[in-house]
Amino acid sequence: MKNKNLGIGEMIKLGIILVFYAVASCTVLAIVNSFTSVKIKQNQIEAANKAMKEVFSAADEFETVQNFQSNFGNITVSDFYLAKKSGKVCGGVCQVSGPTYDKGKIIVGVDLKGTVTGMQVLELSDSPGFGLKANDPTFKLPSGKTFFGQFAGLLVKDGFTVNQTFDGISGATITSKAIGDLVSQGSAVICSYLEENNYE
């Protein structure tokens, strides 16, 4: 009986030690997370600002828009910003994701005249080769432009139809059409918001 009581005591002691280590580990992880989460968030903001400047170079700041329509079937507008120059709205920028040959995410900018200021492919998981040329800065179309670079200057009202309003990638029609659909949906969201809020 004496040995049994001693065993229970040791088990309780071991349990207390394990609880102490668990609490200590959680505390350390919480402290580390509090420091790293700030840096991670700052890096994400810097990356987003860099991408927005690439597609809307005329803007000097970007303001987050909270209320906008974001889901359109299998296409999602995940982030939307007003582009501003000297404090005045000059257009908008949004991130759009959806199916391509696999899936992709783009960022597109549109000014107050309904002209695309730029487009970048942020993520693309299509098969290596033809499809990934959409995001390849070394790949040039017959026009001499990159696939993503050709969208700058296009008018939203003309639509984005592969091999009509923009050039598709030979051998990657599905990817080309899908990215055109993402640009179309993103630019439509921007134009609708700017019009509804009387930005001119």
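Keep in mind it's a predicted model, so treat the numbers as computed, not measured.

The rules we used
- Residues numbered from 1 in each chain as written.
- Predicted model: local features only at pLDDT ≥ 70, side-chain atom pairs only at ≥ 80, totals over all residues.
- Heavy atoms only, no water.
- Helix = DSSP H or I, 4+ residues; strand = E, 2+ residues; numbered from the N terminus.
- Buried < 20%, exposed > 50% of the residue type's maximum accessible area, 1.4 Å probe, protein only.
- Contact = heavy atoms within 4.5 Å.
- Areas by Shrake-Rupley, 256 points an atom, 1.4 Å probe, with all protein chains shown as cover.
- Expected span 1.5 Å × (residues − 1).
- Phe/Tyr/Trp six-rings, centres within 6.5 Å; stacked < 30°, edge-to-face > 60°.
- Pairing = 2+ DSSP bridges.
- Patch = residues over 30% accessible without salt bridge, like charges linked within 9 Å, V, L, I, M, F, W, Y side chains within 5 Å.
- Salt bridge = Lys/Arg side-chain N within 4 Å of Asp/Glu carboxyl O.
- Core = buried A, V, L, I, M, F, W, Y, C linked by side-chain atoms within 4.5 Å.

Peer 1: Looking at this model, I keep getting lost on the overall build of the protein chain. Mind explaining?
Peer 2: Across its full length, the protein chain holds two helices and six strands. For the protein chain, the succession of helices and strands along the chain, N to C, is α-β-β-β-β-β-β-α. Looking at the protein chain as a whole, 35% of its 200 residues qualify as buried. A sequence separation of at least 24 residues applies to 47% of the contacts in the protein chain between residues at least 6 apart. Accessible surface computed for the protein chain: about 12100 Å², of which carbon and sulfur atoms make up 56%.

Peer 1: Can you walk me through helix H2 (residues 173-196) in this structure?
Peer 2: Each α-helix turn comprises 3.6 residues. Residues three or four places apart therefore point the same way. For H2, with 24 residues, the first-to-last C-alpha span of 34 Å sits near the 34 Å given by 1.5 Å per residue. Phi turns positive one or two residues past the end of H2, at Asn198, with a value near 55°.

Peer 1: Looking at this model, I keep getting lost on the packing of aromatic side chains. Mind explaining?
Peer 2: Think of a pair of aromatic rings as described by two things: how far the centres are apart, and how the planes are tilted against each other in angle. Under the criterion given, the structure shown has six aromatic pairs. Look at Phe80 and Tyr193: their rings are 5.2 Å apart centre to centre, the planes differ by 85°, and that puts the pair in the edge-to-face class. Placement of the pair is Phe80 in strand E3 (residues 75-85) and Tyr193 in helix H2, with a sequence separation of 113 residues. Of the two residues, Phe80 and Tyr193, both sit in the buried class. Here Phe147 and Phe166 contribute two aromatic rings whose centre-to-centre distance is 6.1 Å and whose plane-to-plane angle is 75°, an arrangement assigned as edge-to-face. A residue pair is termed long-range when its members are at least 10 positions apart, and Phe147 in the loop between strand E6 (116-124) and H2 and Phe166 in the loop between E6 and H2 qualify at 19 residues. Joined through ring pairs, the aromatic side chains of Phe147, Phe151, Phe160 and Phe166 make up one cluster.

Peer 1: In this structure, what is going on with the pairing of E6? I would like to understand it.
Peer 2: Looking down a regular strand, the side chains alternate between one sheet face and the other. With seven bridges joining them, strand E5 (residues 103-111) and E6 adopt antiparallel strand pairing. Residue pairing in the sheet places Val108 in a bridge with Met119 of E6. Counting the residues that bridge the hairpin from E5 to E6 gives four residues, and of these Gly114 lies at a positive phi of roughly 80°.

Peer 1: Is there a simple way to explain a nonpolar patch on the surface in this structure?
Peer 2: Together, Ile8, Ile12 and Ile16 give the surface a local cluster of nonpolar side chains, amounting to about 290 Å² of exposed area. Along the chain, Ile12 turns up in helix H1 (residues 2-55).

Peer 1: For this particular structure, what's the right way to read the nonpolar core?
Peer 2: Across soluble globular proteins, nonpolar side chains have a tendency to be buried as a group. Formed by 34 residues in total, the largest nonpolar core has its most connected members in Ile106, Val108, Met119, Phe151, Ile179 and Val183. For this core, the secondary structure elements donating two or more residues are E3, strand E4 (88-99), E5, E6 and H2. Sequence-distant contacts of Ile106, defined by excluding residues within four places in its chain, comprise Cys94, Gln95, Val96, Met119, Gln120, Val121, Leu122, Ile179, Leu182 and Val183. Core analysis: the next-biggest nonpolar cluster, separate from the first, contains twelve residues, Ala48, Phe56, Tyr81 and Ala83 among them.

Peer 1: Sorry, what's going on with the environment of Thr117 here?
Peer 2: Mapped onto the fold, Thr117 is located in strand E6. For Thr117, a relative accessible area of 28% corresponds to the partly exposed category. Once the C-alpha coordinates of Thr117 and Gly91 are considered, the two residues, 26 residues apart in sequence, prove to be 9.0 Å apart. Residues contacting Thr117, with those up to four places away along its chain left out, are Val55, Phe56, Gly109, Val110, Asp111 and Ala152.

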